[in-house]
Amino acid sequence: MTDFKKYGVAGIDIDNAELAMSYTYTKSNGGFPTTNLACEDNPYKSQLTTSKYILDFGCGVGRNLPWIMNNTSAVYVGIDPNTSMTKHFWEVQETMWPEKLEEYDVKSWKERSIIVNDFSEIPKDIIFDYVISTFVMQHLGYRFSTDSQLNLTGITKKIMSKTKQDTIWFLIEHDSEENWIPQWLEENDIQLDVYIRGYKGLPELTHRDHCAPNGGNHLMVFKQK
C-alpha cells in the first residue's frame, strides 16, 4: 500500500507560522507573493472565470489563495500532507495582509475553501477544473521514492482521478534538484501546451531563481486530454 506522505524539502515539522510561510515561498524582504494564474502566457485564462473547483497542490499556508479568491468564483481546495504546515493556514491568511483586510475578506474566503491533508478528504462530488502547482513538484521528483509512499507519478494519478478531460494544469517548477520533468510527462501521458524554461513573465516569483541554476523556474501549462 502506498500513502500520501510529507517528504522532500518541506517534509519537516513546522512549529510556527513564519517558518511555514518561508517554506511556502517568502521573499527575503518578507513578501509573500501570490500567483497571477492569468499571466500573459497562459492560453487558458478564460477558463479561470468558469472554474467551479481549483486544486492547489502542495498548498502550504495558502500563498495562492488571495489571487484565486479575488479573481475567480471557484471553490479553493488546498492539499498538503504536512499537517504541521496546514495548521497555520488561516493564521497566515488573517495576519499576512493587514493593509488589505477590507479587500481581502478572509472570513468569506473560508466559506469557499477546503483545506485537506489527504486525497480521501476531498468531497467525492468535486471534479477539478484547474490544478495548480507552484514550487512543489520540483522538491518531490522521483529521488525520494519508497515502496510505502506515492511518488510523483502516483500523486499525479491521484489528482487525475479528480479531474476530467479539459481540466487545465498550471505549473511553475524547476528541475535543478532532479531532471524529473521528462519522466513525469511520459509516465502520465502529458502533452504540454506551454513550456517556457526560465520563465520571467511572473517577476514576483523569480526571487529564488538563483537557487535553481538549471535555468530558473519553468512555466508549464496543459489541457488534460
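Scroll up a little and you will see the structure.
Not measured: the values here are computed from a predicted model. Every chain is numbered independently, its residues counted from 1 as its sequence is written. Per-residue local features are limited, in this predicted model, to residues with pLDDT of at least 70; the limit for side-chain atom pairs, both in listing and counting, is 80 or more; totals at the level of whole chains, interfaces and linings are taken over all residues. Side-chain metrics in this entry use all non-hydrogen atoms of the structure; hydrogen atoms and water are not considered.

Attention now moves to the nonpolar core. Core analysis: the largest hydrophobic core is formed by 30 residues, its most contacted members being Phe57, Ile155 and Trp184. Here a helix means four or more residues in a row that DSSP labels H or I, a strand means two or more in a row labelled E, and each is numbered from the N terminus. For this core, the secondary structure elements donating two or more residues are strand 1 (53-57), strand 2 (75-79), helix 7 (152-160), strand 5 (168-173), helix 8 (181-187) and strand 7 (218-223). In this structure tryptophan 184 touches Met137, Tyr142, Leu152, Thr156, Trp169, Leu171, Ile190 and Phe222, once residues within four positions along its chain are discounted. What is meant by a nonpolar core is a set of buried Ala, Val, Leu, Ile, Met, Phe, Trp, Tyr and Cys residues, joined one to another through side-chain atoms within 4.5 Å. Using a 1.4 Å probe on the protein chains alone, a residue whose accessible area is under 20% of its type maximum counts as buried, one over 50% counts as exposed, and one in between counts as partly exposed. Counting 29 residues, the second-largest nonpolar core is a separate cluster that includes Tyr44, Ala74, Phe89 and Phe170. Contact definition: two residues touch when any of their heavy atoms are within 4.5 Å.

Let us now look at the sheet that holds strand 7. In a beta sheet, neighbouring strands are held together by backbone hydrogen bonds and run either parallel or antiparallel to one another. Reading across from one edge, 3-2-1-4-5-7-6 is the order of the seven strands in this open sheet, with mixed pairing throughout. Where the open sheet ends on each side, the last strands, each with one partner, are strand 3 (113-116) and strand 6 (194-196). For this sheet, the mean angle separating the axes of adjacent strands, direction not counted, is 15°. Strand pairing is assigned whenever DSSP identifies at least 2 bridges connecting the two strands. Bridging between strand 2 and strand 3 involves four bridges; their strand directions are parallel. Only C-alpha atoms enter the line fits that serve as axes; for helices the fit covers just the stretch in contact. Angles between N-to-C directions range over 0 to 180 degrees.

Another aspect to go through is the pairing of strand 5. Consecutive side chains of a regular strand alternate in pointing toward one face of the sheet and then the other. Burial within strand 5 is extensive, with six of its six residues counted as buried. What you see with strand 5 is no split at all: Ile168, Phe170 and Ile172 on one side and Trp169, Leu171 and Glu173 on the other are buried throughout. With five bridges connecting them, strand 4 (residues 130-134) and strand 5 associate as parallel partners. Its bridge partner lying in strand 5, serine 133 is registered against leucine 171.

This part covers the environment of leucine 185. In this fold, leucine 185 is placed in helix 8. Residue classification places leucine 185 among the buried positions, given a relative accessible area of 18%. Put simply, leucine 185 and lysine 225 are 40 residues apart on the chain and 13 Å apart in space, counted from C-alpha to C-alpha. If we ignore the near neighbours within four places in the chain, the residues touching leucine 185 are Ile190 and Leu192.

Such coordinate-based values are descriptive only and should not be taken to indicate function.
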